[in-house]
Amino acid sequence: MRWRLLSNSEELLVPISTSSQVHSAREHLYLELEHDGLFGHGEIAPQPVELNGDAGVTDVLAEWTNRLCDTFREVVVREGGAPPWFRVARFSGSRSSAAFAGTLLEMAVLDLELKQTQKSLGELWEPKFETPFQVTMSGSDSSRWLSSPGAKRLRIKVGRHGLDAETISLVQALPVPILLDFNCGAHSLHQVIELVDTLGDVVDVVEQPFAPGNLVDHALLAREVSCRVSLDEGVRTLNDVRLIARHDAASLLCIKPARVGGYANARALALTAKDLGLQTYVGGFFESPLARHTNKILAASITPEASDISPVITRSTTSTDWVGEKYGLGLAPTQEFLSRCREVAHSTISV
């Protein structure tokens, strides 16, 4: 068995400003596993630096290099091959960097396993919903919004100074519901409530105004607004889901596979949330078509809520970089695309 860790930076066509940073580019990490002529690929797109509890790309790379690749090697040697994909989540620790690195490995192992058994991801995760998509726009630069035909909800990033009068007027006239995403940057309950009241019925969801773990203010907010309150950065473990439900801190949860430690964990969190009366949707970190495609299949198996499953438009986006496949995740990078990536590390494991 052979593995390669690759990196590729993509520049967004339209930068997106949030309460704490500007998303102008993302570094994507790709893991390629090869065994007996079959290839499995995984991908994550971590934050540039640590933020709101999420590990930065440097920490994720260190997690793979210093810990996870050795654990994976030990398991492969001991068991004579890659473990079942759903066991990979148990290799990681509680660190955010471990969750991201574990997701990268789990995805590649899943892709390889499905190809070895000649199955598709849709067969593994039976589609139950026609999950619509939502798109993300910057509330601090409405002049650069992209047209988004077919979107069922718009995620509006609220900047550190809120929304100006011009943007508020544009939002009020939108034909689809919106999700106000504060990214933990709200100054007070009053600020959030006032903005929701100003915008009116167009607001469907308020997402993570306050810091991860701050269930008190989210619970207070949920009592004061008529729209739904969602938690995003505050959703990482099964215990988070249980505490959110116990304290009525939200009615909707954003589940991002890389943040929660992979797809096995994401499905477990979604099922637990459903049992506790919470709705879920699938979020993303500006991933490439590979992870977006995988997230789309995940979403169709767990939620009817609009999710972050539409393509992210970058300055180098091209259909020639990806090819559809019958088995596995259903999409794979072309050799031309992989040749443009930077190789970070590689190794061979004797089986």
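Residues numbered from 1 in each chain as written. Predicted model: local features only at pLDDT ≥ 70, side-chain atom pairs only at ≥ 80, totals over all residues. Heavy atoms only, no water.

Asks: Looking at this structure, how should I read the environment of E34?
Replies: Within the secondary structure layout, E34 lies in strand β2 (residues 22-35). Its relative accessible area of 18% is what places E34 among the buried residues. Sequence separation between E34 and P84 is 50 residues, and the spatial gap between their C-alpha atoms is 15 Å. Those residues within four positions of E34 in sequence are excluded, and the remaining contacts are M1, R2 and F39. Of note is the side chain of E34, whose polar atom sits 2.8 Å from the backbone nitrogen of G37. (Helix = DSSP H or I, 4+ residues; strand = E, 2+ residues; numbered from the N terminus. Buried < 20%, exposed > 50% of the residue type's maximum accessible area, 1.4 Å probe, protein only. Contact = heavy atoms within 4.5 Å. Polar contact = N/O pair within 3.5 Å; in protein donor to acceptor, adjacent residues only side chain to side chain.)

Asks: Would you take a moment to explain the pattern of salt bridges for this structure?
Replies: Side chains carrying opposite charge are able to pair once their charged atoms draw close together. For the structure on display, the rule yields 26 salt bridges. D232 is paired through a salt bridge with R259; the nearest N and O atoms lie 2.5 Å apart. Here the residue D232 occupies a position in the loop between β8 (228-231) and α7 (238-246), and R259 occupies one in helix α8 (residues 257-260), the gap between them amounting to 27 residues. The exposure class of R259 is buried, given its relative accessible area of 3%. For the salt bridge of E336 with R340, the shortest nitrogen-to-oxygen distance reads 3.9 Å. Of this pair, E336 and R340 both sit in helix α11 (residues 335-340), four residues apart, which is roughly one turn of that helix. Among the residues examined, R340 registers a relative accessible area of 42% and is labelled partly exposed. In the salt-bridge network here, residues are joined through shared partners; they are R2, R4, E32, E34 and E343. (Salt bridge = Lys/Arg side-chain N within 4 Å of Asp/Glu carboxyl O.)

Asks: How should I be thinking about the pairing of strand β7 (residues 203-207) in this particular structure?
Replies: Note on strand geometry: in a regular strand, side chains alternate between the two faces of the sheet. Extensive coverage of β7 is indicated by the burial of four of its five residues. In this sheet, β7 lies alongside strand β6 (residues 178-181) in parallel orientation, the contact comprising four bridges. Across the sheet, the residue bridging to L180 is V206, located in β7. The parallel pair β6 and β7, bridged by helix α5 (residues 189-199), forms a crossover whose chirality is right-handed. As judged from the three bridges shared by β7 and β8, these two strands associate in the parallel manner. (Pairing = 2+ DSSP bridges. Right-handed = clockwise from strand over helix to strand, strands pointing away.)

Asks: When you look at the sheet that holds strand β13 (residues 342-348) in this model, what are you seeing that I'm missing?
Replies: What holds strands together in a sheet is hydrogen bonding between their backbones, with the strands either parallel or antiparallel. Judged by pairing direction, the sheet is antiparallel, and its four strands sit side by side in the order β3-β2-β1-β13 without closing on themselves. The open sheet has two edge strands with one neighbour each: β3 (38-44) and β13. Put simply, the sheet's adjacent strands are angled 25° from each other on average, direction ignored. With 12 bridges connecting them, strand β1 (residues 2-17) and β2 associate as antiparallel partners. The residue of β2 that forms the bridge with L6 is Y30. In this fold helix α1 (residues 57-79) packs onto β1, β2, β3 and β13, with an angle of close to 15° to the strand it touches most, β2. (Axes fitted to C-alpha atoms, helices over the stretch in contact; angles between N-to-C directions.)

Asks: Explain the side chain of E233 to me, please; I cannot follow it from the model alone.
Replies: As for its placement among the helices and strands, E233 is situated in the loop between β8 and α7. One buried charged residue, E233, remains without a salt bridge, the closest side chain of opposite sign being R259 at 4.5 Å. Setting aside its immediate chain neighbours within four residues, E233 contacts N52, N183, C184, Q208, P212 and R259. (Lys, Arg positive; Asp, Glu negative; His and termini not counted.)

Asks: So what exactly am I meant to see when it comes to helix α9 (residues 263-275) here?
Replies: If you check α9, its first and last C-alpha atoms are 18 Å apart, about what 13 residues at 1.5 Å a residue would give, namely 18 Å. Along α9, the residues that are buried comprise Y263, A264, N265, A266, L269, A270, T272 and A273. Next to the buried residues of α9 lie α2 (96-116), α7, β9 (252-255), α8, β10 (279-282) and α10 (289-302). Note on α9: the residue one or two positions beyond its end, G277, has a positive phi of about 85°. (Expected span 1.5 Å × (residues − 1).)

Asks: Teacher, can you tell me more about the pairing of β9 here?
Replies: Side-chain alternation along β9 places L252 and C254 on one buried face and L253 and I255 on a second face that is also buried. Two elements, β8 and β9, share two bridges in a ladder whose sense is parallel. Pairing of S230 across the sheet is with L252, part of β9. Pairing analysis gives four bridges linking β9 to β10, with the strands arranged parallel. Residue pairing for β10: L252 is matched across the bridge by Q279.

Asks: Just checking my understanding: could you explain the packing of aromatic side chains for this structure?
Replies: Tallying each qualifying case throughout the model produces seven aromatic pairs. Look at W3 and W64: their rings are 5.1 Å apart centre to centre, the planes differ by 85°, and that puts the pair in the edge-to-face class. In this pair, W3 sits in strand β1 while W64 sits in helix α1, placing the two residues 61 residues apart along the sequence. With respect to burial, W3 and W64 carry one shared label: buried. Between the aromatic rings of W85 and F86, the centroid separation amounts to 6.1 Å while the plane-to-plane angle is 80°, which identifies the pairing as edge-to-face. Across the ring face of Y281, the terminal group of R153 is positioned such that the distance to the ring centre comes to 5.2 Å. (Phe/Tyr/Trp six-rings, centres within 6.5 Å; stacked < 30°, edge-to-face > 60°. Lys NZ or Arg CZ within 6 Å of the ring centre and 35° of its normal.)

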